[in-house]
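Observations on chain architecture
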Amino acid sequence: MTSAKGVSKVEYLPTVTSANVRKTWERKSENEISFAHATGRLRALANVRLSRENLLLFADKKVPSKRLHELLDHAAYPSANTLEERLDLKQQQDMTLLRYVCNRNTLPQFMALTADFHNLKWLLKNLLLCQAEQNKNSDNSPAAILQEQTVPARLADNLLNYGNYKVAGLWHDLLKLVNKSSNCQELSPYIAAELLHALQSYYVNQDIGSVAAAIDRLYYNSVYSLAMQAESESERTFELDYLALQADKVNMQAFLRALQIKLPLDYVEKSLVNGGEVTVQTLLQIYEKLSVNAKAGDLDMTAVMKALRPVYSKTQSAELLETISTWNDAETRFKFSKKADELLLRLAIKGRQNTYGCDAVAGQYLENCLEIKNIHLMLALRTGEHSGDKCLELLRKAD
């Protein structure tokens, strides 16, 4: 069920089955007349996307800022003083349009949950860190940050402003939770109760990583719940495809990191999330077998790949698995992250190619998000000395 604010009130966990293979890349999309208007509105803006050549200019410090602003002008980015501000405003503009053209669908809420849980994790982790620092002073006075009625300026810069939750309301809810009250206004009773439980555990073990893991699990449970509420079959299908790509990425990373330091099985279970094509239970069974002979700090990637290939071979993330074969090499982490983004881009382009329907709308929105990410990546290179080949290598691009 969806609240009046348009934020899903998640009241249950996703059902985990042993057969979650999505068949994403083989599936043929179907046109849906209910999305025809929305498709047309977004497609009219798609023709002004930045070319690969223009994206690379954002990494070249020889290109003046004025020229980069002109490129954003041509691509219909909102005006602002800095390039970074324009990217943030574009993200907000795209979400506002998505909400307008899909106001009866779950898709806008689904996509905005990324911002909601990013903000939730960022604010809560900083609240707890400040509280822990205050406790070290042992003067029994409450941490100053707990007295703040608005989000502190030092935290505001890292917030995303296109979520379902109002940031001010989310801040007040988190202050209540830290003070052991679950009477929240933005967060649903289910999410508030789960966070309160995570905080109770944190105050016992002082492991802030367990709070972050709990928030990650809540995110994936929330997006699954919202996808299952979609009235349109194509909408539900796209959202579950997107969820599976994201969940498989998170689980591969968590699985390898856990194996590398030989974490106990119950801790590994808490770091894995639902929604992937390979289930949590399957990964735990493989982990249990591999960890018997695993040595901390040294992964036998031959054994790992032999165990994981059979379960991932028919999934949409099969190519992602192949990037981890040399996980002990630091360069592999970069290739892994890039391939994960490029699979999302492939999903976006596949959807965008549909004449009209949820796939087309979601694909165009997602492609916009990845263009913004590419610009951020290029701007991050602008201050250093990087060759054109290196910049091109970092760029997320379609096949």
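Residues numbered from 1 in each chain as written. Predicted model: local features only at pLDDT ≥ 70, side-chain atom pairs only at ≥ 80, totals over all residues. Heavy atoms only, no water.

Turning next to the overall build of the protein chain. Scanning the protein chain for helices and strands turns up 17 helices and zero strands. When the 399 residues of the protein chain are sorted by exposure, 52% land in the buried category. Intrachain contacts of the protein chain at a sequence separation of at least 6 include 69% that bridge at least 24 residues. Total accessible area computed for the protein chain in this model is approximately 19,300 Å², and 51% of it derives from carbon and sulfur atoms. (Helix = DSSP H or I, 4+ residues; strand = E, 2+ residues; numbered from the N terminus. Buried < 20%, exposed > 50% of the residue type's maximum accessible area, 1.4 Å probe, protein only. Contact = heavy atoms within 4.5 Å. Areas by Shrake-Rupley, 256 points an atom, 1.4 Å probe, with all protein chains shown as cover.)

Counting residues in hydrophobic clusters, the biggest one holds 98 residues, and the most contacted among them are Leu124 and Leu187. Phe334, Ile372, Ile375 and Leu381 belong to the second largest nonpolar core, which has 21 residues in total. (Core = buried A, V, L, I, M, F, W, Y, C linked by side-chain atoms within 4.5 Å.)

Inspection of the secondary structure assignment puts Gln131 in helix 5 (residues 107–136). Looking at Gln131, the relative accessible area reads 13%, which means it is buried. Here the side chain of Gln131 touches Tyr203 through a polar contact of 2.9 Å, side chain to side chain. (Polar contact = N/O pair within 3.5 Å; in protein donor to acceptor, adjacent residues only side chain to side chain.)

On to unusual backbone geometry. Notably, Ala76 is not glycine yet its phi reads approximately 65°, a positive angle. Of note, Ala76 is situated in the loop between helix 3 (65–74) and helix 4 (83–101). In this model, Lys180 sits at a positive phi of 70°, which is unusual for a non-glycine residue. For Lys180, a relative accessible area of 68% corresponds to the exposed category.

What follows concerns helix 5. Over its 30 residues, helix 5 runs 45 Å from end to end, which matches the ideal 44 Å to within 8%, given 1.5 Å per residue. The axis of helix 5 is deflected most strongly, by about 30°, at Leu113. (Expected span 1.5 Å × (residues − 1). Bend = angle between axes of the 7 residues up to and from the residue.)

For the structure shown, the criterion picks out twelve salt bridges. With a closest N to O distance of 3.5 Å, Glu367 and Arg49 form a salt bridge. Here Arg49 lies in the loop between helix 1 (36–46) and helix 2 (52–57) and Glu367 lies in helix 16 (residues 358–381), a separation of 318 residues in the sequence. The same class applies to Glu367 and to Arg49, which are both buried. Among the ionic pairs, Lys90 bridges to Asp94, the shortest N-O distance being 2.9 Å. Taken together, the residues span about one helical turn, with Lys90 and Asp94 both in helix 4 at a distance of four residues. We note that Lys90, like Asp94, is buried. Among the charged side chains, a network of salt bridges with common partners joins Glu319, Lys339 and Arg346. (Salt bridge = Lys/Arg side-chain N within 4 Å of Asp/Glu carboxyl O.)

A word on the packing of aromatic side chains. Under the defined criterion, the tally for this structure stands at six aromatic pairs. Consider the rings of Phe110 and Tyr242, whose centres lie 5.7 Å apart with planes at 70°: the pair is edge-to-face. With a gap of 132 residues between them, Phe110 in helix 5 and Tyr242 in helix 10 (residues 233–261) connect regions that are remote in the sequence. Exposure remark for Phe110: the relative accessible area of 1% places this residue in the buried category. Judged by centre distance (5.6 Å) and plane angle (85°), the rings of Trp327 and Phe336 are edge-to-face. The burial state of Trp327 is the same as that of Phe336; both residues are buried. Each residue in the set Phe117, Tyr219 and Tyr220 is aromatic and connected to the rest through ring pairs, giving one cluster. Seen from the ring of Tyr77, Lys90 lies directly overhead, with NZ or CZ sitting 5.0 Å from the centre. (Phe/Tyr/Trp six-rings, centres within 6.5 Å; stacked < 30°, edge-to-face > 60°. Lys NZ or Arg CZ within 6 Å of the ring centre and 35° of its normal.)

Relative to the helices and strands, Ser271 resides in helix 11 (residues 265–271). According to the relative accessible area criterion, Ser271 is partly exposed, its value standing at 21%. Distance from Ser271 to Asp216, taken between C-alpha atoms, is 8.3 Å for residues 55 residues apart in sequence. Filtering out sequence-adjacent residues up to four positions away, Ser271 remains in contact with Arg217 and Ala254.

Turning to the packing of helix 8 (residues 189–205) against helix 9 (residues 208–228), a few remarks are in order. With their axes 9 Å apart at the nearest point, helix 8 and helix 9 run at an angle of 165° to one another. When the axes of helix 8 and helix 9 are compared, the pair comes out roughly antiparallel. Between helix 8 and helix 9 the crossing geometry is right-handed. Facing helix 8, whose interface residues are Tyr190, Ile191, Glu194, Leu195, Ala198, Tyr202 and Asn205, helix 9 presents Ile208, Ser210, Val211, Ala214, Ile215, Leu218, Asn221 and Ser222. Looking at the contact of helix 8 with helix 9, its residues break down into ten nonpolar, four polar and one charged. (Axes fitted to C-alpha atoms, helices over the stretch in contact; angles between N-to-C directions. Parallel < 35°, antiparallel > 145°, perpendicular 65-115°, else oblique. Left-handed = near helix turned anticlockwise from the far one by under 90°. Nonpolar A, V, L, I, M, F, W, Y, C, P; charged D, E, K, R; others polar.)

A few words on the confidence of the model for the protein chain. When pLDDT is averaged along the protein chain, the result is 85; 85% of the residues meet or exceed 70. Contacts for the low-pLDDT stretch residues 1–19, under 50 throughout, to residues beyond four places or in other chains number 39 contacts. (pLDDT = per-residue confidence, 0-100.)

Here we take up the environment of Val273. Mapped onto the fold, Val273 is located in the loop between helix 11 and helix 12 (280–291). Taking relative accessible area as the criterion, Val273 reaches 3% and is therefore assigned buried. Taking the C-alpha atoms as reference points, Val273 and Ala213, 60 residues apart in sequence, are found 8.8 Å from one another. In this structure, Val273 is in contact with Asp216, Arg217, Tyr220, Ala247, Val250, Asn251 and Val280, ignoring residues within four places of it in sequence.

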